[in-house]
Amino acid sequence: MTVTVEIDGIRFSARFETEAAPQTVAAVRRILPYDQRIIHVRWSGEACWIPLGAHDFGLGYENATSHPAPGQMILYPGGVSETEFLLAYGPVAFASKAGPLAGNHFLTITDGLDDLARLGRETLWTGAKTIRLRETGGIAA
């Protein structure tokens, strides 16, 4: 299935990583459509995040990474730090003030990485942007 990720009015096609992270994908699908604000990370490099506080998705680690590539979205299920979504637009070493973390890579943006990087840098300098995730059907490229 494909997903549309819309940030500040710019739409990106994406795919769920269903085979690698089936439980995380299922948990995220349960909250779709999802609308929120995304802000720039504090510790991790070139990424934006959505802090989720103590929200418990009931997940452990699957397809976990500390270094998501540009366009990869991860879900940190909580524990050492608060639960969060993180979307990489450049180099990332995922961490919190408590130290290195790993999150479940569950979604990959498949186009427009230059626009994603531009939006990420704008978020750093101008603040929060709207983000929407919608399942759009079909097969991702």
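Reference entry: report on the structure contained in this document. (Residues numbered from 1 in each chain as written. Predicted model: local features only at pLDDT ≥ 70, side-chain atom pairs only at ≥ 80, totals over all residues. Heavy atoms only, no water.)

It is worth spelling out the side chain of H40 at this point. Its location among the elements puts H40 in strand β3 (residues 34-40). Contact partners of H40, with chain neighbours within four places excluded, come to G45, A47, C48, W49, Y89, G120, T123 and L124. (Helix = DSSP H or I, 4+ residues; strand = E, 2+ residues; numbered from the N terminus. Contact = heavy atoms within 4.5 Å.)

For G103, the position within the fold is in strand β10 (residues 103-109). In this structure the C-alpha to C-alpha distance between G103 and Y34, which are 69 residues apart in sequence, comes to 19 Å. Aside from chain neighbours lying at most four places away, what touches G103 is N63, A64, T65, I74, L75, Y76 and F94.

With that settled, the discussion passes to the packing of aromatic side chains. One pass over the structure, following the stated rule, counts four aromatic pairs. Pairing Y76 with F94 gives two aromatic rings, centres 5.9 Å apart and planes at 75°, and the pair type is edge-to-face. In this pair, Y76 sits in strand β6 (residues 72-76) while F94 sits in the loop between β7 (84-92) and β8 (95-96), placing the two residues 18 residues apart along the sequence. One exposure class covers both Y76 and F94, and it is buried. Ring centres of F85 and F106 lie 5.8 Å apart, and the angle between their planes is 50°; on these two criteria the pair is classed as tilted. Separated by 21 residues along the polypeptide, F85 in strand β7 and F106 in strand β10 bring together distant segments of the chain. On the basis of relative accessible area, F85 is assigned to the buried category, the value being 3%. F106 gets classed as buried once you look at its relative accessible area, which sits at 0%. Cluster of aromatic residues (ring-pair linked, three or more members): Y34, F57, F85 and F106. (Phe/Tyr/Trp six-rings, centres within 6.5 Å; stacked < 30°, edge-to-face > 60°. Buried < 20%, exposed > 50% of the residue type's maximum accessible area, 1.4 Å probe, protein only.)

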